[in-house]
Number of protein chains: 2
Amino acid sequence: MDRKQQILDAAERLVRARGFDGFSYGDLEAEIGIRKASIHHHFPSKAELGLALTARYRGQVVGKLGAVAARRTRAADRLAEYLDLYREALAGGEQVCLCVALSAGRDSLNPDTLAELDAFNAASLDWLTATFKLARSDGSIKGVEEPGLEAAAALALVEGAQLIARAAGDVLKFDLATAQLKARIRLV
Amino acid sequence: MDRKQQILDAAERLVRARGFDGFSYGDLEAEIGIRKASIHHHFPSKAELGLALTARYRGQVVGKLGAVAARRTRAADRLAEYLDLYREALAGGEQVCLCVALSAGRDSLNPDTLAELDAFNAASLDWLTATFKLARSDGSIKGVEEPGLEAAAALALVEGAQLIARAAGDVLKFDLATAQLKARIRLV
DNA sequence: GTCTATAGATTGATAGAC
DNA sequence: GTCTATCAATCTATAGAC
C-alpha cells in the first residue's frame, strides 16, 4: 500500500534536512525509485504534498503527546519526554522537526499548509500549558508561576535549540541550550 | 554608489524573508533594476554572495553588540537591548534574522559560509555569557547562576521566538515567548 | 559596469501508452 | 499505478559587445 505513506516518509526526511524549497520531485524519484510522473499521480502538486505532510505530522505529534500525558502523571516526567522528542527529531544534527523546517520558509507555503502549521503550534502550546499547570500543583518543576508564559518560552527554547544544533550539525548544542530548563525538573 | 552594498542589502532582505534557496539572481534583478549578468559581475556565484552576506552580517552584529556594551553598564540594560535587536529584526513578522534564515537551510551553504555562521553563533554566545557574568555581580538580572548556560538558553530562546513569530506572521508571539526572560530584568 | 544573448541543468507539471 | 516523453518556466552561470 502505501506508496502514499512511503512518499510522505521520504518527503518528510528531505524537508526536515533541506527545507521545503530545498527538495524536488526529482529527489523523491531518486529516493523512492519510481518516476516523477508517478509521484505526481499520488500528489498532483507540491503544495498538496506539503499540506498532506504537515497534516500527517500534526496528527502524529498530537498522538505522541497524548500518549506521553497518558503514561506520565508527573509534569516533570512529561516535560522530560517532551525534550527527548525534540532531541530525537534532530537525528544527530542532520534534521530539524518539520515545524522548524517549515517556519523559516513560510513564504513558500500555501494558506492551507500555513493553517496546519498554526494549528501545530497551538496544539504544542496547549499541551505545554497544561503540563506547566500540572507542575504548579504537583511541584515537580521548580519555580513555575505563569503556565502560559512558561509554555511559550519552552516552545521557543526547543525550536531555537534545534536550529542551533542543526547549524552546528551537533546535537550537543541542543543539550546545552536546554540544560537550564532540564535542571528545573525535580527527580522522583 | 556601492552597487555591491546595494546588492547585499537586497539579498539580505530576500534571504531573511524567503531563505537562501528561496531567492534567485532573477529576484535581485527585479529589486535592483540591473540585469542578472551585471549582478554576476559583482558576485560571480551565489555561494560567494552568500559568504559576503554572512561575513558582513556578522561584522554588523558584532559592532552593534559592542556598541550596546559600551553604552550600557548594567547587564539588565544590555540584555533588554539585545532582545530589542532581535525583535526589530523581525520587521513585524515578515523576516527573521539572517542567522535563523540560514540555519534551517544549512545544506545549501558551502563550508566557508557555514564557518561564518558558526563564528556568528560563537560571538553571540560570548557576548551573552559576558552579559550574564556581569549580571551575577551587579545583580540586575534575577536568578543568574551559570552564565554559560544562561547564554545558550537565551540564544536559543530568541531564535526560536523569531521562528514562531515568523510562522504566525505576528511579532507579538516574540513578545510572549520572551516575556519570562524579560521579567527577570530588574528596573533601575 | 552594464548590456544582450545564450548555455545547460533543473524545476513543477501534463499527456497518453501500457 | 507506473511508465516515456515532453512542456514551459526558471535556475545559476558565461561569452562577448558596448
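Keep in mind that this is a model prediction, so the values were computed, not measured.

Engineer: Sorry if this is basic, but what is going on with the interface of chain B and chain A here?
Structural biologist: Buried accessible area, meaning the area lost when the parts come together, often serves as the stated size of an interface. At the interface, 34 residues of chain B touch 34 residues of chain A. Approximately 3,000 Å² of surface area, both sides summed, lies buried where chain B meets chain A, with 62% of it carried by carbon and sulfur atoms. When residues of chain B are sorted by the area they lose upon contact with chain A, Leu163(B), Ala167(B) and Gln180(B) head the list and together hold 19% of the total. At the boundary of chain B and chain A, one finds 2 salt bridges. Where Arg166(A) meets Asp107(B), a salt bridge forms, and the shortest distance between an N and an O atom there is 2.9 Å. In this assembly, chain B and chain A are joined by 6 residue pairs in polar contact (both at pLDDT 80 or more). Contributing elements (two or more residues each) for the side of chain B that touches chain A: helix H1 (3-18), helix H6 (98-104), helix H7 (111-138), helix H8 (147-168) and helix H9 (172-183) of chain B. Considering every element that reaches the side of chain B that touches chain A, the biggest residue donor is H8(B), with 15 residues. A breakdown of the residues in the side of chain B that touches chain A according to their chemical character gives 19 nonpolar, 6 polar and 9 charged.

Engineer: Just checking my understanding: could you explain the nonpolar core for this structure?
Structural biologist: Soluble globular proteins tend to bury their nonpolar side chains together. Within the largest apolar cluster, 126 residues are counted, with the highest numbers of intra-cluster contacts made by Leu28(A), Leu49(A), Leu128(A), Leu28(B), Leu49(B) and Leu128(B). Excluding residues within four positions of it along the chain, Leu128(B) makes contact with Leu79(B), Tyr82(B), Ala151(B), Ala154(B) and Leu155(B).

Engineer: Whenever I open this one, the relation of the copies chain B and chain A confuses me. Can you help?
Structural biologist: The relation between the two chain copies is a rotation about an axis coupled with a shift along that axis. With an RMSD of 0.0 Å, chain B superimposes on chain A once it is rotated by 180 degrees and translated 0.0 Å along the axis. A rotation of that kind, with that shift, is consistent with a two-fold axis. A share of 100% of the interface residues of chain B reappears at the interface of chain A, consistent with the copies meeting face to face through the same patch.

Engineer: I keep staring at the packing of aromatic side chains and nothing clicks. Help me out?
Structural biologist: To describe a pair of aromatic rings, one takes the distance between the centres and the angle between the planes. Residues and elements named next belong to chain A. Overall, the coordinates contain 8 aromatic pairs over all chains when judged by the stated rule. Judged by centre distance (5.9 Å) and plane angle (75 degrees), the ring pair of Phe20 and Phe23 falls under edge-to-face. The same class applies to Phe20 as to Phe23, namely buried. Grouped by ring-pair contacts, the aromatic residues Tyr82, Tyr86 and Trp127 constitute a single cluster.

Engineer: I tried to follow the protein's contact with DNA strand D on my own but got confused; where do I start?
Structural biologist: The full set close to DNA strand D counts 15 residues, and Arg3(A), Arg35(A), Ser38(A), His42(A) and Lys46(B) are the nearest of them. A distance of 2.3 Å separates a phosphate oxygen of DNA strand D from a polar atom in the side chain of Arg3(A). Take Ser24(B): an N or O atom from its side chain is 3.2 Å from a phosphate oxygen of DNA strand D. Broken down by secondary-structure element, the contributors of at least two residues to the surface near DNA strand D are helix H3 (36-42) of chain A together with helix H3 (36-42) of chain B.

Engineer: I'm lost on unusual backbone geometry in this one. Help?
Structural biologist: For residues other than glycine, phi is negative in most cases, and the peptide bonds are mostly trans. Even without glycine at this site, Ala91(A) takes up a positive phi of about 50 degrees. We classify Ala91(A) as partly exposed; its relative accessible area is 39%.

Engineer: What is the right way to read the packing of helix H5 (residues 75-89) of chain A against helix H8 (residues 147-168) of chain A from this model?
Structural biologist: Two quantities define a packed helix pair, namely the angle between the axes and the distance from one axis to the other. All names here are of chain A. Two numbers describe how H5 lies on H8: the axes approach to 10 Å, and their chain directions differ by 25 degrees. Comparing the axis directions of H5 and H8 gives the class roughly parallel. Note on packing geometry: the crossing formed by H5 with H8 is right-handed. Residues Tyr82, Leu83, Tyr86 and Ala89 of H5 pack against Leu155, Val158, Glu159 and Gln162 of H8. Partitioned by chemical class, the residues of the contact of H5 with H8 number 6 nonpolar, 1 polar and 1 charged.

Engineer: I'm lost on the environment of Ala37(A) in this one. Help?
Structural biologist: Residue and element names in this part refer to chain A. Tracing the chain through its elements places Ala37 in helix H3. For Ala37, a relative accessible area of 58% gives the class exposed. The spacing of Ala37 and Tyr25 is 12 residues in sequence and 8.7 Å in space, taken between C-alpha atoms.

Engineer: Mind showing me how you'd approach the state of the cysteines here?
Structural biologist: All names here are of chain A. Inspection of the entire model under this criterion finds 0 disulfides over all chains. Cys99 forms no disulfide, and the closest cysteine sulfur to it belongs to Cys97, at a distance of 4.9 Å. Overall, Cys99 belongs to the buried group, its relative accessible area being 1%.

Engineer: How should I be thinking about the packing of H8(A) against H8(B) in this particular structure?
Structural biologist: The geometry of H8(A) relative to H8(B) is characterised by a closest axis approach of 6 Å and an angle of 100 degrees between their N-to-C directions. Comparing their axes, H8(B) and H8(A) come out roughly perpendicular. Two secondary-structure elements touch here, H8(A) through Ala153(A), Leu155(A), Ala156(A), Leu157(A), Glu159(A), Gly160(A), Ala161(A), Leu163(A) and Ile164(A) and H8(B) through Ala153(B), Leu155(B), Ala156(B), Leu157(B), Glu159(B), Gly160(B), Ala161(B), Leu163(B) and Ile164(B). For the contact of H8(A) with H8(B), a count of residues per class yields 14 nonpolar, 2 polar and 2 charged.

Engineer: What exactly am I supposed to notice about the protein's contact with DNA strand C here?
Structural biologist: Near DNA strand C, the surroundings consist of 15 residues, among which Ser24(A), Lys46(A), Arg3(B), Arg35(B) and His42(B) are the closest. Of all atoms in DNA strand C that approach within 4 Å of the protein, 62% are sugar or phosphate atoms. Measuring from a phosphate oxygen of DNA strand C, one finds a backbone N or O atom of Lys46(A) at 2.7 Å. Contacts to DNA strand C include His42(B), whose side-chain N or O atom sits 2.7 Å from a phosphate oxygen. Counting residues per element, the surface near DNA strand C draws most heavily on H3(B), at 4 residues. Tallied by class, the residues present in the surface near DNA strand C amount to 5 nonpolar, 6 polar and 4 charged.

Cut-offs applied
Residues numbered from 1 in each chain as written. Chains lettered and ligands numbered in written order. Predicted model: local features only at pLDDT ≥ 70, side-chain atom pairs only at ≥ 80, totals over all residues. Heavy atoms only, no water. Contact = heavy atoms within 4.5 Å. Buried area = accessible area lost by both parts, 1.4 Å probe. Salt bridge = Lys/Arg side-chain N within 4 Å of Asp/Glu carboxyl O. Polar contact = N/O pair within 3.5 Å; in protein donor to acceptor, adjacent residues only side chain to side chain. Helix = DSSP H or I, 4+ residues; strand = E, 2+ residues; numbered from the N terminus. Nonpolar A, V, L, I, M, F, W, Y, C, P; charged D, E, K, R; others polar. Core = buried A, V, L, I, M, F, W, Y, C linked by side-chain atoms within 4.5 Å. Buried < 20%, exposed > 50% of the residue type's maximum accessible area, 1.4 Å probe, protein only. Least-squares fit on C-alpha atoms with pLDDT ≥ 70 in both. Phe/Tyr/Trp six-rings, centres within 6.5 Å; stacked < 30°, edge-to-face > 60°. Near = heavy atom within 4 Å. Axes fitted to C-alpha atoms, helices over the stretch in contact; angles between N-to-C directions. Parallel < 35°, antiparallel > 145°, perpendicular 65-115°, else oblique. Left-handed = near helix turned anticlockwise from the far one by under 90°. Disulfide = S-S within 2.5 Å.

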